[in-house]
Number of protein chains: 2
Amino acid sequence: MSDKKILIIEKASELFAKKGFEATSVQEITDACGISKGSFYLSFKSKEGLLLSVFEYFGTKLIDRIGAIHHMETTPRKRFEQFFVIQFEEIARYSDFILMQMREQTSPVNEEMLDLMNKMRKKAYETMENLLLNLYGEGIHNHLPDIIVMLNGITHGYIEIIVFNKKKLNIADLASYIVERTDSIISGLTEPFLKKEQLLSFEGTAISITTEELIKDIEMIKRQINDTEDEVFISLDVIGQELLTLDFRKPVISGMMSNLDNSELTEGLVRKLVRFLNR
Amino acid sequence: MSDKKILIIEKASELFAKKGFEATSVQEITDACGISKGSFYLSFKSKEGLLLSVFEYFGTKLIDRIGAIHHMETTPRKRFEQFFVIQFEEIARYSDFILMQMREQTSPVNEEMLDLMNKMRKKAYETMENLLLNLYGEGIHNHLPDIIVMLNGITHGYIEIIVFNKKKLNIADLASYIVERTDSIISGLTEPFLKKEQLLSFEGTAISITTEELIKDIEMIKRQINDTEDEVFISLDVIGQELLTLDFRKPVISGMMSNLDNSELTEGLVRKLVRFLNR
DNA sequence: TTGACTCATGACTGACCGGTCAGTTATTAT
DNA sequence: ATAATAACTGACCGGTCAGTCATGAGTCAA
């Protein structure tokens, strides 16, 4: 990733967090970076493309740091504390902006964004499960969904104070404080409230794709091609026919998809198909 | 409040929650209501005026219900549970949207919105303090900020599950579950982490106004008047001069402000000055 | 020196948005 | 039945924004 891209991502994320995505113009972003508007479009396909990159940039950063906890050689308790420290450090500045964006279910970009979001959630959830089981033993297994929901909530509560009041809190102390509270909560547990399946399933949160939607997309692209002998056109036709059958043959679809790879027109469709087949 | 106003407010709040304020056009709102765009402006001064009304509508609803807890004749524990029940019932659908808007520090409306928001927060905080002290005794006094932050976080965590997964959870059970967890947390408390003043002070959250900002506003309005003999122009000039001195005389400013009351041009400035003098 | 190439620019365009208003329709009063 | 008033409409306007593109500036090999 080039320096300029990083510069834009970091400046933009500040502005998005401060003013919101829609309310921030590309001009404002480029002004803040000291570059021209045209130059922006050398680095990013669109404003939405930038948004996706912002998510990728901070998301992978966070996932990497959380993933690295496993390699720390220390006590389970310290590891658990470290998990909170990382959250406070990394998410603090961007959580509001991330939360804000989560609600905007408009653009095609959000499809990819939801995927990334789910990947992050999943990673955080798995890590938390691991850390909790290591620290408190298998006995708490049934309580994991509740514990995680509550801990995430508590974390969020303190993040809001850090962000909103711009108060410099001692993050290490805070992490240790939260782990102590976790001790208390766990010692008092009786019956769990949440069942595992009530917790947001990471697969299910993504918008599910219907065959109807795919067929409509295919028809639209076919109309744009208009040459019935075109390789892409034929491939699309075959995929469409296959989708219409109730028990479509996945290999037929994935095979035909290989003919679409280079066409920019079908970029979005291919992405949808991949997600559709992998669900 | 007329039926149409309520219709618009409720439809709009759904759209705002789904897509965000900026991303939702007035046309979309009126389409959803089955009325014309022009008709919208018979009920609301502007799109921002609508936003304020949405806040007022749900805010007062919530404040009323929370305020009514005190009149319930039951045990402190049941009252405390009821507090959560109300939150889950009322906030659930709108909390995300409310949180989302809190970050958009753009418009003049937000000034008023912040006031309402602070009123709500304050009410919720005071009520919680009361309920907690009644249930657990004065001993927890020093821990109140932490407890409230954590409980708000936990509440939010479960709200997210309700909202995001559209799962029908038993709210009464959930409230009771949370109160039990509160028992555990409180029984294990040692040293508080947050000090009272670190919790968001309800006055302080409003954006502070600088003299520089005011002077800039004044100069801008003066340029728009251009008649140096105009009463408003002279008043603005005097206020500007007064603000430039380090120990400005408040009476001079408030006196001059009375000359500005009727001018639409100075509406925003007057509001800022009032907040500035009252801080 | 030249010309081919890359990178950067900002004026420009078409779409859209908030808000207005002249005109139409519905309702009530006479 | 008619006049008066209120409620409503949608075409329209000024303005903003995302995205484009003709132009220019800098670089370097020939």
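Residues numbered from 1 in each chain as written. Chains lettered and ligands numbered in written order. Predicted model: local features only at pLDDT ≥ 70, side-chain atom pairs only at ≥ 80, totals over all residues. Heavy atoms only, no water.

Chain A has the name HTH-type transcriptional repressor KstR2 in an unreviewed UniProt entry, where Filibacter tadaridae is given as its organism.

S.K.: So what exactly am I meant to see when it comes to the pattern of salt bridges here?
M.R.: Pairs can form between side chains of opposite charge whenever their charged atoms are close. All names here are of chain A. Enumeration over the complete set of coordinates arrives at twelve salt bridges over all chains. The residue Glu89 makes a salt bridge to Arg65 at a minimum N-O spacing of 3.0 Å. Highlighted residues: Glu89 in helix 5 (residues 76-91) and Arg65 in helix 4 (residues 47-67), separated in sequence by 24 residues. A relative accessible area of 28% places Arg65 in the partly exposed class. Sharing partners across several salt bridges, the network here consists of Arg65, Glu89 and Glu90. (Salt bridge = Lys/Arg side-chain N within 4 Å of Asp/Glu carboxyl O. Helix = DSSP H or I, 4+ residues; strand = E, 2+ residues; numbered from the N terminus. Buried < 20%, exposed > 50% of the residue type's maximum accessible area, 1.4 Å probe, protein only.)

S.K.: Is there a simple way to explain the protein's contact with DNA strand C in this structure?
M.R.: Taken together, 13 residues form the shell around DNA strand C, and within it Ser36 and Gly38 of chain A together with Val26, Lys37 and Lys47 of chain B come nearest. For DNA strand C, the fraction of protein-proximal atoms (within 4 Å) that sit in sugar or phosphate groups is 55%. Lys4 of chain A places a polar side-chain atom, nitrogen or oxygen, 3.1 Å from a phosphate oxygen of DNA strand C. Between DNA strand C and Ser36 of chain A there is a distance of 2.9 Å, counted from a phosphate oxygen to a side-chain nitrogen or oxygen. Of all the elements in the fold, those that place two or more residues in the surface near DNA strand C are helix 3 (37-43) of chain A together with helix 3 (37-43) of chain B. Of the residues forming the surface near DNA strand C, the biggest block, three residues, is contributed by helix 3 of chain A. (Near = heavy atom within 4 Å. Polar contact = N/O pair within 3.5 Å; in protein donor to acceptor, adjacent residues only side chain to side chain.)

S.K.: Is there a simple way to think about the protein's contact with DNA strand D in this case?
M.R.: Around DNA strand D sit 13 residues, and of these Val26, Lys37 and Lys47 of chain A together with Lys4 and Gly38 of chain B come closest. Each atom of DNA strand D within 4 Å of the protein was classed as base or backbone; sugar and phosphate made up 51%. One nitrogen or oxygen atom from the side chain of Lys37 of chain A is found 2.6 Å from a base nitrogen belonging to DNA strand D. A distance of 2.8 Å is found between a phosphate oxygen of DNA strand D and a backbone nitrogen or oxygen belonging to Lys47 of chain A. For the surface near DNA strand D, the secondary structure elements donating two or more residues are helix 3 of chain A together with helix 3 of chain B. Per element, the largest residue contribution to the surface near DNA strand D is three residues, and it comes from helix 3 of chain B. Partitioning the surface near DNA strand D into residue classes produces four nonpolar, six polar and three charged. (Nonpolar A, V, L, I, M, F, W, Y, C, P; charged D, E, K, R; others polar.)

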